[in-house]
Amino acid sequence: MSAFRTVLVFTILALLGVLLAPRLSLHYTPAPISSAFTISYQMHGASPLIIEQKVTSVLENELSQIDGIQKLYSRSGYGSGFLTLTFDVKEDIAFKKIEIISLLRGIQKELPSEVGFPQVSLQSGDNEDKSPLLIYAIYADMAPSEIQEIIDQQMIARLSTIKGVQDVDLSGTSTKTLLVNYFPDQLNHLKITDEQIIQALQSHTSFSFQYSIRDGQLEVPVLVGDQKSLYELHSIPIGKELKLGDICNISQKDREDERIHRINGKKAILLSIFAAEGVNRIDVATNVEQAISMIESELPKELSLRKRYDDTIFLKEELHKASYRTVFSILILCTFILLFTLRWKQLVILFSGILVNAGLVLLLAYFFRLEIHLYTIAGLTVSFGLLIDN
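It should be emphasised that the depicted structure is a prediction, and the values quoted were computed from it without experimental measurement. (Residues numbered from 1 in each chain as written. Predicted model: local features only at pLDDT ≥ 70, side-chain atom pairs only at ≥ 80, totals over all residues. Heavy atoms only, no water.)

## Remarks on the overall build of the protein chain
So the rule is basically this: Under the scheme used here, helices are H or I runs from DSSP no shorter than 4 residues and strands are E runs no shorter than 2 residues, and both carry numbers assigned from the N terminus. Three labels apply to residues, based on accessible area from a 1.4 Å probe with only protein chains included: buried if under 20% of the type maximum, exposed if over 50%, partly exposed otherwise in between. Between two residues, a contact is recorded if the distance between any of their heavy atoms is within 4.5 Å. Residue burial considers only the protein chains on display, and all accessible areas are found by Shrake-Rupley using a 1.4 Å probe.
When its secondary structure is counted, the protein chain shows 12 helices and 17 strands. Taking all 390 residues of the protein chain together, the buried fraction comes to 41%. Residue pairs in contact within the protein chain that sit at least 24 positions apart in sequence constitute 77% of those at least 6 positions apart. A total accessible area of about 22,200 Å² is found for the protein chain, and carbon and sulfur atoms account for 56% of it.

The structure is reproduced here in structure tokens:
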């Protein structure tokens, strides 16, 4: 191969590496090595309880049969969810992945058709302990349940569809709860059981049923899209002659979240966005911020957003520092070459060689799926210093 072709090939490979740079996995610190799998799935528009009932619980029951599981963790969010299976480090991880995929294929028919086949990926850390990518504080002079409804409909549903976003969590709100009060003695006299009331509600409403019964009171969470007027609820038939309103008192109340947040003495609702593993966190954070800036203009004036936490700030600062150090090193070297040799040809050869090497490093990092974090940035800075010295 001629010298021109060699230079051309390496130049093309370096340019390819530069084009693939945005797809590199960027993290603050290296992820710990573990033997955990994440099974993620989406069901657009579905509430967390729908996801929990129709997908998460089905997958949990089936996957819990696998031997060697040390820990099983799940989270059901708005329109999506995931399970994390942590195995003993002595287990054959490749075989466990095949076993997981085989079980998923066996129960795929039991899942809703809009879910599709769940994605299985090897985790490098524990999702439960993972810090959020971004946290926004929401302030509003409105009822917490109204804020919950607005955020669910206008923000969470749209943020969940952004590529690289694994979960969106809202804390500090309240949910509407349906209270069905009845007298157990009266039900016994009429030969009606509380199971009949539950079955009637399930048959005539779209409630995602996770209820609790205590002292003659049935408590049912009411989610966005599940609301039904109290008059319609009173008209639900119980048996042949009775209606629900004849034997029960029905009302709604706001149930406060167990997590209450105050920032500078002011009550706030926190919106936390979690990124998936192996993604460019800076790129995902940028896309989320752009989406929130667009959504913010559509929100009511009474509701305001403030960014309280950004996981990518320090990583951006370190990348900028590494870039400045590299640029200054190259400039100093070029200045000395010009002063002592006065030959532009050597300067061009040296500078182009450094750029080609940088592109090849990016290309190899992409194909070998290397994570870019503080330690790799420091290593690259030292290696380029050695390259320049030689």
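## Some details on the packing of aromatic side chains
Note the following rule: Each Phe, Tyr or Trp ring (for Trp, its six-membered ring) is paired with any other whose centre lies within 6.5 Å, and the angle between the two planes then decides the class: stacked below 30 degrees, edge-to-face above 60, tilted in between. To sit over a ring, a charge needs its Lys NZ or Arg CZ within 6 Å of the ring centre and within 35 degrees of the ring normal.
All chains considered together, the criterion is met by 3 aromatic pairs. Here the aromatic rings of Tyr73 and Phe82 are separated by 6.2 Å at their centres, their planes lie at 50°, and the arrangement is tilted. Centre to centre, the rings of Tyr366 and Phe367 are 5.5 Å apart; their planes meet at 75°, and the pair counts as edge-to-face. The class for Phe367 is exposed, based on a relative accessible area of 54%. Above the ring of Phe274, the side-chain terminus of Arg75 is found at 4.9 Å from the ring centroid.

## Structural notes on the environment of Tyr366
Within the secondary structure, Tyr366 is located in helix α11 (residues 344-367). The sequence separation of Tyr366 and Gly17 amounts to 349 residues, and the corresponding C-alpha distance is 7.8 Å. Those residues in contact with Tyr366 that sit more than four places away from it in its chain are Leu20, Arg23 and Leu24.

## Section: helix α9 (residues 281-296)
Stated precisely, the cut-off is as follows: Expected span, for any helix, means 1.5 Å times one less than how many residues it has. Nitrogen and oxygen atoms within 3.5 Å of one another constitute a polar contact, given that in protein one can donate a hydrogen and the other can accept it, and given that sequence-neighbouring residues count only through two side-chain atoms.
Helix length check: α9 (16 residues) gives 22 Å between terminal C-alpha atoms against 22 Å at 1.5 Å per residue, within 8%. Of all the residues in α9, the buried ones are Arg281, Ile282, Val284, Ala285, Val288, Ala291, Ile292 and Ile295. Of the residues flanking the start of α9, the one acting as N-cap is Asn280, its side-chain oxygen 3.2 Å from the backbone nitrogen of Ile282.

## Considering the pattern of salt bridges
As a reminder of what qualifies: For this document, the term salt bridge refers to a Lys or Arg side-chain nitrogen within 4 Å of an Asp or Glu carboxyl oxygen.
By the definition in use, this model includes 6 salt bridges. For Arg75, the salt bridge is made with Asp167, and the minimal N-O distance between the two is 2.9 Å. In this pair, Arg75 is assigned in strand β3 (residues 69-76) and Asp167 in strand β7 (residues 165-171), connecting sequence segments 92 residues apart. Assessed through its relative accessible area of 5%, Asp167 is described here as buried. The salt bridge involving Glu298 is made with Arg158; its shortest N-O contact spans 2.9 Å. Of this pair, Glu298 sits in the loop between α9 and β16 (303-310) while Arg158 sits in helix α4 (residues 144-159), and the two are 140 residues apart along the sequence. A residue is classified by how much of its surface remains accessible, and Glu298, at 46% relative accessible area, is partly exposed. On the basis of relative accessible area, Arg158 is assigned to the partly exposed category, the value being 34%.

## With respect to the nonpolar core
Condition: Here the nonpolar core consists of buried residues drawn from Ala, Val, Leu, Ile, Met, Phe, Trp, Tyr and Cys, with membership extended through side-chain atoms lying within 4.5 Å.
One finds Ile138, Ile151, Met155, Leu159, Leu271, Ile273 and Val288 to be the most contacted residues of the largest nonpolar core, which totals 31 residues. For Leu159, the residues in contact, after removing those within four places along its chain, are Val165, Val168, Leu271, Ile273, Val288, Ala291, Ile292 and Ile295. Of all hydrophobic cores here, the second largest spans 21 residues; its members include Ile39, Val58, Ile100 and Val115.

## Re the side chain of Ser160
Along the chain, Ser160 falls in the loop between α4 and β7. Engagement of the side chain of Ser160 in a polar contact is seen with the backbone oxygen of Ile156, the distance being 2.7 Å. Beyond its immediate sequence surroundings of up to four residues, Ser160 is in contact with Gln42, Tyr78, Val165 and Val168.

## Digging into α11
What sets the pattern is the α-helix's 3.6 residues per turn: residues three or four places apart point alike. For α11, with 24 residues, the first-to-last C-alpha span of 35 Å sits near the 34 Å given by 1.5 Å per residue. Of the positions making up α11, those classed as buried are Leu347, Ile354, Gly359, Leu360, Leu363 and Ala365. Just past α11, the residue Arg369 takes up positive phi, approximately 55°.

## Describing the packing of helix α2 (residues 48-63) against helix α3 (residues 93-107)
Here is the rule: For helices, the fitted line uses only the C-alpha atoms of the stretch in contact; every axis is such a line through C-alpha atoms, and the angle between N-to-C directions lies from 0 to 180 degrees. An angle below 35 degrees is read as roughly parallel, one above 145 as roughly antiparallel, one from 65 to 115 as roughly perpendicular, and any other as oblique. Two helices cross in a left-handed way if the nearer one is turned anticlockwise from the farther one by less than a right angle. They cross in a right-handed way if the turn is clockwise. When residues are grouped by polarity, Ala, Val, Leu, Ile, Met, Phe, Trp, Tyr, Cys and Pro land in nonpolar, Asp, Glu, Lys and Arg in charged, and all others, Gly among them, in polar.
Closest axis-to-axis distance for the α2/α3 pair is 10 Å, and the angle between their directions is 130°. By the angle between their directions, the pair α2 and α3 is classed as oblique. Every pair of crossing elements has a handedness; the one defined by α2 and α3 is right-handed. On the side of α2, the interface is formed by Val58, Leu59, Glu62 and Leu63, while α3 contributes Ile100, Leu103, Leu104 and Ile107. A breakdown of the residues in the contact of α2 with α3 according to their chemical character gives 7 nonpolar, no polar and 1 charged.

## Overview of the packing of helix α10 (residues 313-341) against α11
Remark: α10 packs on α11, axes separated minimally by 9 Å, with the N-to-C direction vectors making an angle of 160°. As judged from the angle between their axes, α10 and α11 are roughly antiparallel. The interaxial crossing formed by α10 with α11 has right-handed handedness. Contacts between α10 and α11 involve Ile330, Leu333, Cys334, Ile337, Leu338 and Thr341 on the former and, on the latter, Trp344, Gln346, Leu347, Leu350, Phe351 and Ile354.

## Brief notes about the confidence of the model for the protein chain
Put simply, the rule reads: pLDDT measures how confident the predictor is about each residue, on a scale from 0 to 100.
The predicted model of the protein chain averages 76 in pLDDT, with 79% of residues at 70 or higher. At the level of individual helices and strands, the protein chain shows its lowest average pLDDT in strand β9 (residues 212-214), which scores 50, and its highest in α9, which scores 90. This model gives residues 125-129 a pLDDT under 50, and the stretch forms 10 contacts once residues within four places in sequence are excluded. Throughout residues 221-226 the model reports pLDDT below 50, and contacts reaching past four residues in sequence, or to other chains, amount to 21 contacts.

## Some points on the pairing of strand β6 (residues 134-140)
Residues in a regular strand project their side chains so that they alternate between the two faces of the sheet. The cut-off we apply is this: Paired strands, as defined in this entry, are two strands with at least two bridges between them according to DSSP.
Judged by how many residues are buried, β6 sits mostly within the fold: 6 of 7 residues are covered. Here β6 runs beside β16; their pairing, made up of 7 bridges, is antiparallel. Bridge pairing in β16 places Tyr139 opposite Ser304.

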